[in-house]
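Descriptive analysis of the structure
These are the residues of each chain, in order.
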Amino acid sequence: MGNFKNYINSPIGWLELEATANALCAVRFKSVEGIASTEIPEILNQTRIQLEEYFSGERKEFNLNIEPHGTEFQQKVWNFVERVKFGTTASYLDIAKQTGSDKNTRAVGLANGKNPIPIIIPCHRIIGSSGKLTGYAGGIERKRWLLNHERSHTPSTGRLF
């Protein structure tokens, strides 16, 4: 994976950012700040800035070079998840249908849970068909916080979940 690490203290806790010299590879939820790389490539600086803008409500889309590592199916799911806009949600069933089969909901859920770049690949926007918040690698409370944060910075279009 990446060679460089940096950390950001966000409203949902510490985030560890990992990148190669040119692309973001991972965002991980941490309980404490770790030790950052002595050399910080521009991609990590841009990631930190864009995440800070997101958390302040200024940024609704990320513009970063990313390289999430995963299987072909996981990559396919993450590409569909990336298209879910700020302030909106989609269901696991919606994503499964886009992958070619409405029977893929469990596989979509597993792929979504393996997303190495949460928030930027907005897996928190994927919810159960009933509107229920289900599963999130960072915990349901973080998922709820992220969805409420986006709802508070989006013109009213009804409930997200």
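Everything numeric in this text was worked out from a predicted model, so none of it was measured.

Before going further, it helps to spend a moment on the overall build of the protein chain. Across its full length, the protein chain holds 5 helices and 5 strands. Along the chain direction, N to C, the helices and strands of the protein chain fall in the order β-β-β-α-α-β-α-α-β-α. Its C-alpha atoms give the protein chain a radius of gyration of 15 Å, near enough to 15 Å, the size a compact globule of 161 residues would have. Counting only C-alpha atoms, the protein chain reaches 45 × 35 × 25 Å along its principal axes. Every one of the 161 residues in the protein chain was classed for burial, and the buried ones make up 46%. A sequence separation of at least 24 residues applies to 56% of the contacts in the protein chain between residues at least 6 apart. Accessible area for the protein chain stands at about 8200 Å²; split by element, carbon and sulfur atoms hold 47% of it. Charged side chains of the protein chain number 20 positive and 16 negative; the gap between the two group centres comes to 10 Å.

All told, the structure shown has 4 aromatic pairs when counted by the stated rule. Arranged with centres 5.2 Å apart and planes meeting at 75 degrees, the rings of Tyr54 and Phe55 form a pair that is edge-to-face. Residue classification places Tyr54 among the buried residues on the basis of a relative accessible area of 0%. Ring centres 5.6 Å apart and planes at 35 degrees place the aromatic pair Tyr54 and Phe62 in the tilted group. Site record: aromatic cluster; members linked through ring pairs are Tyr54, Phe55, Phe62, Phe86 and Trp145.

Definitions and cut-offs
- Residues numbered from 1 in each chain as written.
- Predicted model: local features only at pLDDT ≥ 70, side-chain atom pairs only at ≥ 80, totals over all residues.
- Heavy atoms only, no water.
- Helix = DSSP H or I, 4+ residues; strand = E, 2+ residues; numbered from the N terminus.
- Rg over C-alpha atoms; globule rule 2.2 N^0.38 Å.
- Buried < 20%, exposed > 50% of the residue type's maximum accessible area, 1.4 Å probe, protein only.
- Contact = heavy atoms within 4.5 Å.
- Areas by Shrake-Rupley, 256 points an atom, 1.4 Å probe, with all protein chains shown as cover.
- Lys, Arg positive; Asp, Glu negative; His and termini not counted.
- Charge placed at Lys NZ, Arg CZ, Asp CG, Glu CD.
- Phe/Tyr/Trp six-rings, centres within 6.5 Å; stacked < 30°, edge-to-face > 60°.

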